[in-house]
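Results of the structural survey
Letter by letter, the chains look like this.
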Amino acid sequence: MTAPLDVSGTSSEAPPETVLEGASGKAIAGRSLGQIAWMRLKRDKVAMAGATVVVLLIVMALLAPLIVSWLGHPPDEFHEDLVDPNTGVPVGAWGGMSSDFLFGLEPSNGRDLFSRVVYGARISLLIAFLATILSVLIGTILGVVAGYFRGWVDTLISRAMDVFLAFPLLVFAIALVGAIPESAFGLTGDSLRIALLIFIIGFFNWPYIGRIIRGQTLSLREREFVDAARSLGARGPYIIFRELLPNLIAPVLIYSTLLIPSNILFEAALSFLGVGVRPPTPTWGGMLADAVRYYTIPHFTIFPGMAIFITVLAFNLFGDGLRDAFDPRSR
Amino acid sequence: MTTPKDTAPVSDAPGSAAAPGEGAARQGEPLLSVRDLQKHFPVTKGLLQRQVGAVKAVDGVTFDVYPGETLGLVGESGCGKTTTGRLITRLLEPTGGSVAFEGRDITHMSQGHLRPLRRDMQMIFQDPYSSLNPRHTVGTIVGAPFRIQGIETEHGVKKAVQEILALVGLNPEHYNRYPHEFSGGQRQRIGIARTLALKPKLIIADEPVSALDVSIQAQVVNLLEDLQNELNLTYVVIAHDLSVVRHISDRVAVMYLGKVVEIADRKSLYGAPMHPYTNALLSAVPIPDPKGRAGRDRIRLTGDVPSPLNPPPACRFHTRCWKAQEVCKQQEPPLVELATGHKVACHFPENAPAQKADAAV
Ligand SMILES: Nc1ncnc2c1ncn2[C@@H]1O[C@H](COP(=O)(O)OP(=O)(O)OP(=O)(O)O)[C@@H](O)[C@H]1O
Ligand code: SF4
Ligand SMILES: [Mg+2]
C-alpha cells in the first residue's frame, strides 16, 4: 500500500550518482523521514479514520460541559419522575431514549446517560494520557540510558524492569486505591484518586516501552554515525540527545499511541471493580459496573461499552497506521 | 597545539612538500606510530559472564605513517582492519601495544585529553548508509564537528559547511537535504566532508569505496587524492584487496588475522612481493600490465580464514600456505626488514635477497 521507501537508511538502492545535479539554482528543501511518514500516514484511510475519531473524542472530553448543555442534562441531575419507582426501570421504550435523553436514562435514579458517557471520556482520557506520558518519560529515559551505557547500568535497569513486569499490578492497585485516605499530598477526593491512578498505571507500565527503547538503542549505538560523533569528541549527553533520541521519536510515538488504549482499558477495569474514581463522578468502567445489576436493560451496558470499544479501537488503528507509516516493512 | 591554526601546517614539514611518491614522503618524524597494537574482545558465557576466550581481532600490529604519505592497509574481511582504525582513533580501548600521534602517546589517554587531539585525526567510515544519522540534514551532519568542538567560524557554520560541500563536489544548495535523498557515492562524499571540517592532519579511511558501485569508486578515490594534494592530508586507507589502494598508496601494509605480515613501498610490494599471502592476494588482482602477469603463476588460496578466536599457532598463515614447513608451525616468523623499507614476516619469503632470507630462517 505504501511506496517501498526505506526509512532506516539501510537500503542499498539509491538514485544514480549525479554530482552537482540541480545546480539550476532552484531552492532545494529536503524532506525529513518524519515528513515522509506523515505523507504516508495521510494516505492510510483506516489510520486517518482512527485519528479523526481520536480527535473527536478529545474535543468531546474538552467541551463536555458545552455539549451536555446543548444536547442533554447535567450528568448529576436526577430524573426520578421518569423512572418506574418499583422496578427502577426508566419509563418508555429503549430505556427512555428520546430527543431529550439521547441515550436514555439510568435505571433507578434517572440520570442522563448521554451526559454521563460524554463526561466519562474526561476521566478516561485524562488518566490514560497522563499515565502514558509518565510511562513513556520513565521508559524512554531509562531505556536509552540502559542501552547506551550498557554494563552494570543496563543490568540494574533490566532487572528493575523484570521486577516491575512481574508485579501483580491489579492486586496492588486494588489494595492501594482501596486503602487511601480522603486527603493526602495536599489533594482531596477525586483529584487525589485521579493522581494516584495516574501514578499507579503510569509508573508500573514503563518497562514495556523501556524494553523497546533499550533494544532500539542497543542497535542504534552500533551504527557508525554514533562512532562518527564519538570520534569528533562528542560526549554521552550529546550522543543521547542529538544522535540517538531523534531516531527514537518514531517508536516513542507509536508505542505511546498503543499504550493509551491499554491504559484506558486498565482504568475502566479499576473503575469497574470499584477502585477507580468514585461516584458520582461518571466513568465508563463505573457505569458498566452499575449496569451489571440491570442486565435486562441492554442500553445501559451498550453505551458505556461502545464508548470504551470505539475509543480503544480508534487509538489502536491510529497507532498501527503510525507504525506502518514509519516502517512500511513491518507489514 | 589544540587548534589546527596555531601549529605549523604539515606542508612546511621537511619532505612532505614534494609530490607524494616513492621515498619522497618517508622522512622526518612519523605522524602516527603504532607499536605491537593489540585488541582482544573477551568472549563471555553464561549468566555470570565468565570469560571463556578472546577474539584476537588485532594481535600485534606495527607501522609508522609519515606526514603527507598514504599508507594502504590491506587484508581479507575479518582480519582486523576496522578494529585497527578504531584503536588508532581510540573508539576502542587497546588491549596492548601503543599508539603515538605526533610523538604523543595516546594509547590510554583519557577521552577528555583526547578531545582537542581529535581535530587532527579523523575517520571515514566503511558504510555510508550507517555513518550518517538519518534524522539529520546534511548541514547538521557536516556542521557537527564545529558544534562538538565548539569552534567559531568566521562567517557562520552554514557558510563553512557549504564551502566544504563544494570542496567535496556536492551542491552547497543541498544543505537542507537528508541522507536518504543521496546516492551511496554522494553519501560517502558527505562523510568525507564531515572529516574535513576540522582540517585534520590524519584521515583514516576505512574501506571508503568498498560499499560503492564500481563505476563510482574511482571518482571517490580521485576525490581523496585531490583533497590530499590540496589540504596536505596524511591517509591510512583501508581496503580488502590490493587493487583499490595500488593507485593511491605510497606504502602498503598487508594484514592477516590481526597481524601485519608485510609492509613495503608500493613499488617493491607490487613488484616484488615477499610474503606468500601477498603473492596470493596479488595473483587474485587483475594486473594492468600483461607482461607482469606472465611471470607470475596464478595462486589460489584454499580454505577459509581461520577464526581469530582460535588462530593457528606460530605463523598464522601456515594452514593455507603452500610453502609451509614444520618450522612455520613451531616458530613465529618475526617482521624483519629484508630490503630497504621492505619488512616481511615469513620464514621462506619470495623475491628476497638471498643472504638476508637465510638469516631470517
Ligand atoms: N566489538 C566486537 N566484539 C567482538 N568481536 C569483534 C568486535 N568487533 C570486531 N570483532 C571481530 O574482530 C575481527 C576483526 O574485525 P574487523 O571489523 O576489524 O575486520 P575487518 O578487517 O574490518 O573486516 P571487514 O573487511 O569485513 O570490514 C572479526 O573476527 C570480528 O568478528
Ligand atoms: S612462515 Fe611459513 S607458513 Fe608462514 S607464510 Fe612463510 S612460508 Fe608460509
Ligand atoms: Mg572493516
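Residues numbered from 1 in each chain as written. Chains lettered and ligands numbered in written order. Predicted model: local features only at pLDDT ≥ 70, side-chain atom pairs only at ≥ 80, totals over all residues. Heavy atoms only, no water.

Moving on, we get to the overall build of chain A. What chain A contains, in helices and strands, is 11 helices and two strands. Each helix (α) and strand (β) of chain A, taken in turn from the N terminus, gives the series α-α-α-α-α-α-β-β-α-α-α-α-α. Considering chain A as a whole, with its 331 residues, one finds that 49% of them fall into the buried category. Restricting the contact set of chain A to residue pairs at least 6 apart, pairs at least 24 apart contribute 75%. (Helix = DSSP H or I, 4+ residues; strand = E, 2+ residues; numbered from the N terminus. Buried < 20%, exposed > 50% of the residue type's maximum accessible area, 1.4 Å probe, protein only. Contact = heavy atoms within 4.5 Å.)

Bringing the site of ligand 1 into the picture now. Residues and elements named next belong to chain B. Near ligand 1, the surroundings consist of 13 residues, among which Ser 77, Gly 78, Thr 82, Thr 83 and Glu 207 are the closest. One of the backbone N or O atoms of Cys 79 is found 3.3 Å from an oxygen atom in ligand 1. The separation between an oxygen atom of ligand 1 and a polar main-chain atom of Lys 81 is 2.9 Å. When ligand 1 is considered free in solution it has 640 Å² of accessible area, and contact with the protein chains removes 63% of it. Counting residues per element, the ones that place at least two in the shell around ligand 1 are strand S2 (50-65) and helix H1 (81-88). Among the elements that make up the shell around ligand 1, the one with the highest residue count is H1 (three residues). (Near = heavy atom within 4 Å. Polar contact = N/O pair within 3.5 Å; in protein donor to acceptor, adjacent residues only side chain to side chain. Areas by Shrake-Rupley, 256 points an atom, 1.4 Å probe, with all protein chains shown as cover.)

Residues and elements named next belong to chain B. Taken together, 13 residues lie near ligand 2, and Cys 315, Cys 321, Cys 328, Cys 346 and His 347 sit nearest. Here ligand 2 is seated within the second largest cavity. Per-class residue counts for the shell around ligand 2 are nine nonpolar, three polar and one charged. (1 Å grid on protein atoms, 1.4 Å probe; cavity = no way out; pocket = protein on both sides within 12 Å on 5 of 7 lines; lining within 4 Å. Sits in = over half its atoms within 2 Å of the grid points. Nonpolar A, V, L, I, M, F, W, Y, C, P; charged D, E, K, R; others polar.)

On to the side chain of Arg 194 of chain B. One can find Arg 194 of chain B in helix H5 (residues 184-196). Despite its burial, Arg 194 of chain B pairs with no opposite charge; the closest candidate is Glu 243 of chain A, at 6.4 Å N-O. Setting aside residues up to four positions removed in sequence, Arg 194 of chain B forms contacts with Ala 228 and Leu 232 of chain A together with Phe 125, Ser 131, Leu 132, Ile 141, Val 142 and Pro 145 of chain B. (Lys, Arg positive; Asp, Glu negative; His and termini not counted. Salt bridge = Lys/Arg side-chain N within 4 Å of Asp/Glu carboxyl O.)

With that settled, consider the pairing of S2 of chain B. A regular strand places its side chains on the two faces of the sheet in alternate fashion. Residues and elements named next belong to chain B. Sheet topology note: the strand S1 (residues 32-45)/S2 ladder contains 12 bridges and is antiparallel. The residue bridging Leu 32 from the neighbouring strand is Val 65, located in S2. Between the end of S1 and the start of S2, which pair antiparallel, lie four residues, with Gly 46 showing a positive phi angle near 80°. (Pairing = 2+ DSSP bridges.)

The next point concerns the nonpolar core. Core analysis: the largest hydrophobic core is formed by 73 residues, its most contacted members being Ile 192 and Leu 242 of chain B. Residue contacts for Ile 192 of chain B: discarding those within four places in its chain leaves Ile 124, Val 168, Val 220, Leu 223, Leu 224 and Leu 227 of chain B. (Core = buried A, V, L, I, M, F, W, Y, C linked by side-chain atoms within 4.5 Å.)

A few words on the environment of Ile 157 of chain A. Residues and elements named next belong to chain A. Relative to the elements of secondary structure, Ile 157 occurs in helix H5 (residues 151-166). In this structure Ile 157 comes out as buried when scored by relative accessible area, which is 8%. Separated by 159 residues in the primary sequence, Ile 157 and Asn 316 have C-alpha atoms spaced 28 Å apart.

In this structure, the largest pocket spans a volume of roughly 940 Å³. What lines the largest pocket is a set of 29 residues, and nearest its centre among them are Phe 149, Arg 150, Gly 151, Arg 221 and Glu 222 of chain A. Those elements that place two or more of their residues in the lining of the largest pocket are helix H4 (113-149), H5 and helix H8 (224-231) of chain A together with S1 and H1 of chain B. Per-class residue counts for the lining of the largest pocket are nine nonpolar, eight polar and 12 charged. (Points joined across faces, edges and corners; volume = space filled by probe spheres on them.)

So, about the coordination of the magnesium ion (ligand 3). Residue and element names in this part refer to chain B. For the magnesium ion (ligand 3), every protein donor is listed as Thr 82 (OG1) and Gln 126 (OE1), and the spread of their distances is 1.8 to 2.5 Å. Of the two residues, Thr 82 sits in helix H1 while Gln 126 sits in the loop between strand S6 (121-124) and helix H3 (138-149), which places them 44 residues apart along the sequence. For Gln 126, a relative accessible area of 26% puts it in the partly exposed group. (Donors = N, O, S within 2.8 Å, 3.2 Å for Na, K, Ca; no water.)

A word on the sheet that holds strand S4 (residues 96-101) of chain B. Residue and element names in this part refer to chain B. Taken together, the four strands give an open sheet; going across it, the order is S2-S1-S4-S5, and neighbouring strands pair in antiparallel fashion. Two strands bound the open sheet, and with one partner strand each, they are S2 and strand S5 (104-105). The pairing of S4 with S5 spans two bridges and is antiparallel. Across the sheet, the residue bridging to Ala 100 is Asp 105, located in S5.

Turning our attention to the interface of chain A and chain B. Taken together, the 41 residues of chain A in the interface contact 43 residues of chain B. Interface area for chain A against chain B, summed over the two sides, is near 3800 Å², with a carbon-plus-sulfur share of 52%. Seen at the junction of chain A and chain B, the total is two salt bridges. Here Asp 227 of chain A makes a salt bridge to Arg 86 of chain B, at a shortest N to O gap of 2.6 Å. Put simply, the parts of the chain that give the side of chain A that touches chain B at least two residues each are helix H1 (33-43), H8 and helix H9 (236-272) of chain A. With seven residues, the top contributor of residues to the side of chain A that touches chain B is H8 of chain A. A class-by-class count of the residues in the side of chain A that touches chain B yields 19 nonpolar, 12 polar and 10 charged. (Buried area = accessible area lost by both parts, 1.4 Å probe.)

Moving on to empty space enclosed by the protein. According to the stated counting rule, one finds four cavities of 30 Å³ or more in the structure shown. In this structure, the largest cavity occupies an estimated 100 Å³ of space. Residue lining of the largest cavity: 15 residues in total, with Glu 243 of chain A together with His 136, Ile 141, Ala 144 and Arg 194 of chain B positioned closest to the centre. Of all the secondary structure elements, the ones that give two or more residues to the lining of the largest cavity are H8 and H9 of chain A together with H3 of chain B. Examining the composition of the lining of the largest cavity, we find that five residues originate from one element, H3 of chain B, more than from any other. Considered class by class, the residues forming the lining of the largest cavity number eight nonpolar, three polar and four charged. Reported here for the second largest cavity is a volume of approximately 70 Å³. Every residue lining the second largest cavity is counted, 13 residues in all, and those nearest its centre are Cys 315, Cys 321, Cys 328, Cys 346 and His 347 of chain B. A breakdown of the residues in the lining of the second largest cavity according to their chemical character gives nine nonpolar, three polar and one charged.

All names here are of chain A. A cluster of nonpolar side chains, contributed by Val 55, Val 59, Leu 62, Leu 63, Leu 66, Trp 70 and Leu 71, occupies part of the molecular surface with about 710 Å² of accessible area. Sorting the residues of the nonpolar patch by element identifies helix H2 (45-62) and helix H3 (64-71) as the ones contributing at least two each. For Leu 71, the location among the structural elements is in helix H3. (Patch = residues over 30% accessible without salt bridge, like charges linked within 9 Å, V, L, I, M, F, W, Y side chains within 5 Å.)

What follows concerns the confidence of the model for chain A. As a general rule, the predicted coordinates of low-pLDDT regions are not to be interpreted in detail. Taken as a whole, chain A shows an average pLDDT of 79; of its residues, 79% reach a score of 70 or greater. Taken together, the stretch residues 1-26 of chain A has pLDDT below 50 and engages in 54 contacts with residues farther than four places along the chain or on a different chain. (pLDDT = per-residue confidence, 0-100.)

Residue and element names in this part refer to chain B. Along strand S8 (residues 234-239), six of the six residues are buried, which leaves the element largely enclosed by surrounding structure. Pairing analysis gives five bridges linking strand S3 (residues 70-74) to S8, with the strands arranged parallel. What sits directly across from Val 74, in S8, is Ala 239. Following the chain from strand S7 (residues 202-206) across helix H6 (residues 214-231) to the adjacent parallel S8, one finds a crossover that is right-handed. (Right-handed = clockwise from strand over helix to strand, strands pointing away.)

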